[in-house]
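# Residue-level structure breakdown
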2 protein chains.
Amino acid sequence: MEVKTAVTALTALAQESRLRVFRLLVRAGSDGQPAGEIADSLDIPPATLTFHLKELSHAGLIDSTREGRSIRYSIREQGVCELLTYLLQDCCNGQPELCGSKRKK
Amino acid sequence: MEVKTAVTALTALAQESRLRVFRLLVRAGSDGQPAGEIADSLDIPPATLTFHLKELSHAGLIDSTREGRSIRYSIREQGVCELLTYLLQDCCNGQPELCGSKRKK
DNA sequence: TCGATAATTTTACTATTATAGAAATATGGA
DNA sequence: TCCATATTTCTATAATAGTAAAATTATCGA
């Protein structure tokens, strides 16, 4: 992964509304959630949410598929994984987990 | 962890110079590196580097200790760990590793 | 205490990002 | 086709962040 790619992904996450969307989608699992539900859950105006969803999407952190009148968004596991790998590369004397055993469920 | 804390940490990482510093320090391990060396390695002017180190420091991602005329910076494992935990909370049906097995050394 | 070196603070300028109303577009049902 | 619903695009304004030169502070050795 290139520095700029990682910066794009981190910039996408470094904003309260987007981080809340991201975490909501992490919890939602692979089914994800339609834009309208996300807007309602997090109380974000539709136009604003669209702006943020696009940021997360361009950053490769979420996917979307149309489903009738709605568009369903979900976490893009690969993107998240690549980012974490990049962040922790060469850490901990070759053991890639910085804190695997301490991490809560 | 609170949303704002996580946003602060992610904002700190979401910038090319700071991400390069962060990754350099990840590689450096617990010994860390003095500011001057970091500035030389990454070709960043001292005043600019100080600004970025402060951001990383306020975000709880790095520590510093004076060592003679130099100040040595190093990764703050706990801060990094808490951030990752927050990001991936409740993911993967209770398995906290999003991509543990796929992560490169 | 003086000079040299290391890092920080101050400051000003530039650039980027967030927000959300209003209008536009896309879909499905009557 | 026409209407209601879901989301996006356009747009303008407000707020935040990045850069780095110049001056300042801290430490060490002579």
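Note that this is a predicted model, so its numbers are computed, not measured.

### Side note on the protein's contact with DNA strand D
DNA strand D sits among 22 residues. The nearest are Gly36(A), Lys54(A), Tyr73(A), Arg18(B) and His52(B). Restricting the count to atoms of DNA strand D within 4 Å of the protein gives a sugar and phosphate share of 70%. Thr50(A) is positioned such that a nitrogen or oxygen atom in its side chain is 2.7 Å from a phosphate oxygen of DNA strand D. At the level of elements, helix 3 (35–42), helix 4 (46–58) and strand 3 (70–75) of chain A together with helix 2 (16–28) and helix 4 (46–58) of chain B are the ones that each hand at least two residues to the surface near DNA strand D. Residue composition of the surface near DNA strand D, by class: nine nonpolar, eight polar and five charged.

### Topic: the sheet that holds strand 2 (residues 62–67) of chain B
Residues and elements named next belong to chain B. Read from one edge of the open sheet, three strands run 1-3-2, paired in antiparallel fashion. The open sheet terminates on both sides in strands that have one partner only, identified here as strand 1 (33–34) and strand 2. Sheet topology note: the strand 1/strand 3 (residues 70–75) ladder contains two bridges and is antiparallel. Its bridge partner being in strand 3, proline 34 is matched across the sheet by arginine 72.

### A look at the protein's contact with DNA strand C
In the vicinity of DNA strand C, 21 residues are found, and the nearest of them are Arg18(A), His52(A), Thr50(B), Lys54(B) and Tyr73(B). Measuring from a phosphate oxygen of DNA strand C, one finds a side-chain N or O atom of Arg18(A) at 2.6 Å. Elements with a contribution of two residues or more to the surface near DNA strand C: helix 4 of chain A together with helix 3 (35–42), helix 4 and strand 3 of chain B. Residues of the surface near DNA strand C, tallied by class, amount to nine nonpolar, seven polar and five charged.

Conventions used here
- Residues numbered from 1 in each chain as written.
- Chains lettered and ligands numbered in written order.
- Predicted model: local features only at pLDDT ≥ 70, side-chain atom pairs only at ≥ 80, totals over all residues.
- Heavy atoms only, no water.
- Near = heavy atom within 4 Å.
- Polar contact = N/O pair within 3.5 Å; in protein donor to acceptor, adjacent residues only side chain to side chain.
- Helix = DSSP H or I, 4+ residues; strand = E, 2+ residues; numbered from the N terminus.
- Nonpolar A, V, L, I, M, F, W, Y, C, P; charged D, E, K, R; others polar.
- Pairing = 2+ DSSP bridges.

So, to be careful, I would describe these as geometric facts and stop short of saying anything about function.
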